[in-house]
Amino acid sequence: MAGGCHQTATNTASTFSIDTSGKASRSLTCINPASRSALMAQKSNNGGSQPVAGQSPAQAGVLDTAHWPAKPWPPHMVWIPAGHFIMGGVGSEARKDEYPVHPVKITGFWMDKTELTIGAFKRFVRATGFITEAEKTPQWSQLKQQLPPGTPEPEPGTLLAGGLVFTKTDGAVPLDNIARWWQYVPGANWRHPNGPASDVWSTSQFDNHPVTQVCWYDAVAYCKWAHKRLPSEAEWEYACRGGLSAKEFAWGDDAPSATNIKANLWEGDFPYKNLLHDGYELSAPVMSYSPNGYGLYDMIGNVWEWCSDWYRPDTYSQVLPNATDPAGPSKAYDPDEPYAQKKVIRGGSFLCNIHYCASYRPSARMKTDPYSGENHTGFRPVMSEEEWRKSNHLLASK
Ligand SMILES: [Ca+2]
């Protein structure tokens, strides 16, 4: 695979690349987490109206439901009440792009209580005939925008529809090149998320698993159809914290372990030995683990979730203190691949491991080519109160 990583890489983010023979593929981008050691243990402070550290809003009994929207509420969604919080890195695993921590104000909004499921995406496709990016032959006109100027066009017939699929290795491998465990698989798409031999389309067995192999544009298309939208990463992190403050994890301070199962992660030695303490090697059915303080399931682990924001490592240094509903930068920038325009993903996945990317934290940020599908990335729609009022009669029929 071309474009191999030269640094320890987190377990996500992909883009097309072209090797010296002119063959095209999607390869995985890298980030260097070494700088995280210089930015440790900065604790955020309670924003003021949220419950004390260590308690969820429900536990603390501080949810002021008197001002929540009147029923009926949108199906399968929970209300995330307005408030303010300290956004950014907490704990020893926080990386440079999670700083500086900064206060943010959030307007109340609805959020799907689970990652969007395969069953829900089937209803969308059956209603609209939508075709995802992974089901289309890649177009050079789009591909070249993610590559350095002057990159030669690939030979005809070498661009094949497909997606990135995780493949467990036979044994221990150096963790400096994620191409060792990721493969671009022609025929992999949301109907066949782990390759052509896998099938979630013609059976209902997996309808309660999160849909994957959907790129950012696919996710936006679904949201538009459902009268919803993707969350900003500020909304996402606020919701993920579940009302807790200054906590490294969505459930508190205790790291996940064999005796502290909180989410679908990777236990054991990555990427070849999965001890399956949480019961799943790949995706798990949604709602398999306890919800957070807002009643949201699987905000951490299972699959990464697309956000609306463009990615920049210095996003937080550009946000004014106490900004309300910050929407991220107007343009993307990734110093590892300056020609690629990447979107933010959040929450980590079933591949997150304590010895590797450790992205099972509310503040962990990641970046991915918005045209790329992977079998560990999905999404979770949100909706404003105004959007709900406008569309509830339409949503009721879906
Ligand atoms: Ca697992």
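Definitions and cut-offs
Each residue is numbered by its place in its chain's sequence as written, counting from 1. Local features in this predicted model are restricted to residues whose pLDDT is 70 or higher, and side-chain atom pairs enter the listing and the counts only when it is 80 or higher, whereas totals over whole chains, interfaces and linings include all residues. Confidence of the predictor in every single residue is expressed as pLDDT, which spans 0 to 100. Remark: residues whose backbone-derived C-beta atoms lie within 7 Å of one another are considered to be in contact. Only DSSP runs of H or I reaching four residues or more are called helices, and only runs of E reaching two or more are called strands; each is numbered from the N terminus. The burial label depends on the number of other C-beta atoms within 10 Å of a residue's C-beta. Counts of 20 or more mean buried, 12 or fewer mean exposed, and intermediate counts mean partly exposed, with C-beta atoms placed from the backbone. Strand pairing is assigned whenever DSSP identifies at least 2 bridges connecting the two strands.

A closer look at the confidence of the model for the chain
Piece 1. With 83% of its residues at a pLDDT of 70 or more, the chain has an overall mean of 85.
Piece 2. Low pLDDT (under 50) marks residues 1-10, which in the prediction has 36 contacts with non-local residues, meaning those over four places away or in another chain.
Piece 3. The model gives residues 12-54 a pLDDT under 50, and that stretch makes 142 contacts with residues more than four places away or in other chains.

Focus on the environment of Gly348
Piece 1. Assignment of secondary structure puts Gly348 in the loop between strand 13 (343-346) and strand 14 (365-368).
Piece 2. Taking the C-alpha atoms as reference, Gly348 lies 7.9 Å from Glu305; in sequence the two are 43 residues apart.

Structural notes on unusual backbone geometry
Piece 1. Note the cis peptide between Lys71 and Pro72, where omega equals 10°.
Piece 2. Examined against the element boundaries, Pro72 turns out to sit in the loop between helix 1 (57-60) and strand 3 (77-80).
Piece 3. The amide bond that connects Tyr99 to the next residue, Pro100, takes the cis arrangement and shows omega of -5°.
Piece 4. Looking at where Pro100 falls in the secondary structure, it is placed in the loop between strand 4 (83-87) and strand 5 (102-106).
Piece 5. The phi dihedral of His76 falls on the positive side, at around 65°, and the residue is not glycine.
Piece 6. Backbone geometry at Asp325 places phi at a positive 50°, although glycine is not the residue there.
Piece 7. Structurally, Asp325 is set in the loop between strand 12 (323-324) and strand 13.
Piece 8. Taking the C-beta count within 10 Å as the criterion, Asp325 has 15 such neighbours and is therefore assigned partly exposed.

Considering the environment of His192
Piece 1. Structurally, His192 can be placed in the loop between strand 8 (182-186) and helix 4 (216-225).
Piece 2. His192 sits in the buried class, given 22 other C-beta atoms within 10 Å.
Piece 3. Residues His192 and Thr212 lie 20 residues apart in sequence; the distance between their C-alpha atoms is 9.3 Å.
Piece 4. Not counting chain neighbours up to four residues away, the residues in contact with His192 comprise Gly187, Ser198 and Asp199.

Regarding the sheet that holds strand 3
Piece 1. If you walk across this open sheet you meet the 3 strands as 3-6-16, and the pairing is antiparallel. Two strands in the sheet have a free side with no partner beyond their single neighbour: strand 3 and strand 16 (382-383).
Piece 2. Summarising the sheet, strand 3 and strand 6 (residues 109-112) pair through 4 bridges and their orientation is antiparallel. When the sheet's bridge partners are listed, Ile80 is paired in strand 6 with Phe109.

Concerning the sheet that holds strand 12
Piece 1. Here we have 3 strands laid out as an open sheet, ordered 4-5-12, and mixed in their pairing. Two strands in the sheet have a free side with no partner beyond their single neighbour: strand 4 and strand 12.
Piece 2. In this structure, strand 4 lies alongside strand 5, joined through 5 bridges in antiparallel fashion. Bridging from a neighbouring strand, Met87 pairs with His102 of strand 5.

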